[in-house]
Amino acid sequence: MSGSGIQVDRRGPQVSQPTTPARGPEAVAKGRSLLPEADAPTWFAFGFLALLILGAVLADWIPGLAKPNLEVGAFSGPPALTVNQLFGTDALGRSIVSRVLYGARTSLSIALFASAISMSAGIFLGMLAGFYRGVVERLVDLYANTLASLPPVLVILALIAAAGTSVFTITLAMGLLGIGTYARITKGAVISQAGRDYVLAARALGASDVRLLAREILPNLVPTLTAIVPPLMAGLIVTEGSLSFLGYGIPPPAPSWGGMIAGSTDLLNRFPLLIFGPILAIVLTVYSLNTVGDYMARRIDIREGQL
Amino acid sequence: MDAPTTPLRGPAGGSGPAVDDARDAALLKVRDLTVTFRRRKGSVQAVSGVSFDVARGETLGLVGESGCGKTTIGRAILRLLPQGTSATSGSIEYGGQDLGSLSSGGMRVVRRHLQMIFQDPLSSFNPRRKVWDIVAEGLVIQGVDKQEIARRVDAALADVGMSASMVEGRRPHQFSGGQCQRIAIARALALGPDLIVCDEPVASLDVSVQAHVINVLQEIREKRNLALIFISHDLAVVRNVSDRVAVMYMGKIVEIGEADHVYARPAHPYTRMLLEAVPMPDASVKLKPTSVDREMPSQSNPPSGCRFRTRCPLAARICTDVEPPLRRMPQGQLAACHFPYDEPAPGRPGPGDPGIPGDAS
């Protein structure tokens, strides 16, 4: 018939078309580099975090490193070329290097566990809200917005006043306060995924809601989450630092970055160098986490562009 | 079952007034299907009282402009419409079971028999899955045992001209559009369905690849005696694959019947308009558009009477007042029009066609 725009011929599917699928450029790049397309700041950020984590985990085994509460030198001693005195000693003669590393252990594990609490509950609630919408979504929104409208430090102070200062209380309080943020971000990501054809296709194959959420949608949330977790953890480190600075954080004499800053402010006029260790630790950690987050976000864009 | 290569073509007529070619052998019976989407402001009826049958091994083409409700019908059949924002009434019967009354568990069993192919194959694959797992997914969900899964995935891939070694370890984005659509077909085939809803399966592909994918579909259809609902806005494609054709306009079927009848002698002015819009390879054939080309009216507030009257060259008073029912036309098909055409389609070389001036052959 002359009207057809297509000529349907009777060739078999096997004869036509070369059968080698094109190789994506991604596959090639992966073999070459640990961090594809990373710039210098990104390498620095990953390197710094890796060293900090290693230092925090292995602090007990670093040769020559004093325990954080041990007096190793003069009161407010200046930096010197030994392991313990690299950043000087504090007002009680304790090694600042040692305290920064042991402080990292506290700060990082609080950030990690608080994030774990926020993420598990937040992702769960966000997935329900984004998938079922309606009443569930409104309840989750209400919860998230309520949390977001409260100043976190004040809420944590109130909780600490009620339950007493301990690493556990602080972690739990920060974890609970973070749930709303994760719920909202997850909800948005789920809404954008749930309307896609692959979810519909899985449903057409008979997938249950649980399977759709856990097997189809959740794996596709991972890129979004890897991009937002580092900056949110940076926020936790700052919050924990502020609490300790105010004296409501990690109870002394346990080392913490915020507490060290607070301790050195009294002597700031006479020994300004004291404050550098902990401040440098906080600044570099926060910077690195944010840089890593940015890098992850860039990677998502690249990957989405390749699809 | 008789010879699977002959699509069933029942005798025209002999059933209820609004349904085309209802046969005893109907695999799928859709009756008075109405789908309403709730929007923030009011609601939109995407499908209004649509009825049709699909027989085993038959291909029904569903054509119409975008937004006419073809995709909604396809999704309604598979119960894929969003439950919170849409309401479905009427009945969809598959093999004697009313799908609307099935539990989600019961529906899961039926899904082995009813499958779907989407317009954009790549977006219908989970980007984080490997191709082999994508094809196997339905079987995994349906609880088929491992050896059987491997066997059926291999068979389905072979049916679309691919093999397990070709897809081994690869992800969907490493394949071309045509290959992806064949993978999508394989995924639907793996479950061993009786009916596949193909929603614009070739619209996103290059024309050369379109023909190939359609050939694959046709071969599989004959081999497995599959029924297809082939949704497309492209009349040329639909003509090539369909036994019967249903033309939709604003949520209603305006013409339905044997593809040969509808294409040779379209009765509804809208069908004629669509056929005139198909590009003609023969430049010597001049077409005079018979229709007043205008935008489709608002879905949320359809015109009274015949919904096509605002664009129809034949519209008269009665079209505003009375909605025309689907009626049997002398040439065989059903059409919903007060002033149906009876002559062959314009510009198509046919016996005694006077409408081609200057054809010096």
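Residues numbered from 1 in each chain as written. Chains lettered and ligands numbered in written order. Predicted model: local features only at pLDDT ≥ 70, side-chain atom pairs only at ≥ 80, totals over all residues.

Here we come to the sheet that holds strand E8 (residues 227–232) of chain B. Residues and elements named next belong to chain B. Overall, mixed pairing links the 8 strands, which are arranged E6-E7-E8-E3-E9-E10-E12-E11 in an open sheet. Each edge of the open sheet is held by one strand with a lone partner, namely strand E6 (114–117) and strand E11 (327–328). Sheet contacts for helix H10 (residues 269–277): strand E3 (59–63), strand E9 (244–249) and strand E10 (252–258); angle to E9, the most-contacted strand, approximately 100 degrees. (Pairing = 2+ DSSP bridges. Helix = DSSP H or I, 4+ residues; strand = E, 2+ residues; numbered from the N terminus. Contact = placed C-beta atoms within 7 Å. Axes fitted to C-alpha atoms, helices over the stretch in contact; angles between N-to-C directions.)

Residues and elements named next belong to chain A. It is at 9 Å that the axes of helix H3 (residues 96–132) and helix H8 (residues 209–246) come closest, and there the two elements cross at 140 degrees. With respect to H8, the axis of H3 lies oblique. The element H3 and its partner H8 pack so that their crossing is right-handed. Packed against H3, whose contacting residues are Ser-107, Ile-110, Ala-111, Ala-114, Ser-115, Met-127 and Phe-131, the element H8 presents Leu-213, Ile-217, Val-229, Leu-232, Met-233, Leu-236, Ile-237 and Glu-240 at the interface. Considering only residue class, the contact of H3 with H8 consists of 12 nonpolar, 2 polar and 1 charged. (Parallel < 35°, antiparallel > 145°, perpendicular 65-115°, else oblique. Left-handed = near helix turned anticlockwise from the far one by under 90°. Nonpolar A, V, L, I, M, F, W, Y, C, P; charged D, E, K, R; others polar.)

This part covers the packing of helix H2 (residues 40–57) of chain A against H3 of chain A. Residues and elements named next belong to chain A. For the pair H2 and H3, interaxial distance at closest approach is 8 Å and the crossing angle is 100 degrees. Compared by their axis directions, H2 and H3 come out roughly perpendicular. Contact with H2, carried on its side by Leu-52, Ile-53, Gly-55 and Ala-56, involves Leu-101, Ala-104, Arg-105 and Leu-108 of H3 and no other residues of that element. Looking at the contact of H2 with H3 residue by residue, the classes come out as 6 nonpolar, 1 polar and 1 charged.

What follows concerns the pairing of strand E1 (residues 26–38) of chain B. All names here are of chain B. Of the pairings in the sheet, the one linking E1 to strand E2 (residues 43–55) comprises 9 bridges and is antiparallel in character. Bridged to Ala-26 within E2 is Ala-55. Where E1 folds back on E2, the antiparallel hairpin that results is connected by 4 residues, among which Gly-42 adopts a positive phi of roughly 70 degrees. Taken together, the 8 bridges between E1 and strand E4 (residues 86–94) define a ladder with antiparallel strand orientation.

Attention now goes to the nonpolar core. Judged by nonpolar contacts, the single largest core of 128 residues is most densely connected at Val-135, Ile-185, Ala-186 and Val-247 of chain B. For this core, the leading source of residues is helix H6 (residues 177–190) of chain B, giving 8 residues. By size, the runner-up hydrophobic cluster in this structure holds 34 residues, among which are Met-233, Leu-243, Ile-261 and Ile-282 of chain A. (Core = buried A, V, L, I, M, F, W, Y, C linked by C-beta atoms within 7 Å. Buried ≥ 20, exposed ≤ 12 C-beta atoms within 10 Å, placed from the backbone.)

Any link to function would need more than the numbers given here.
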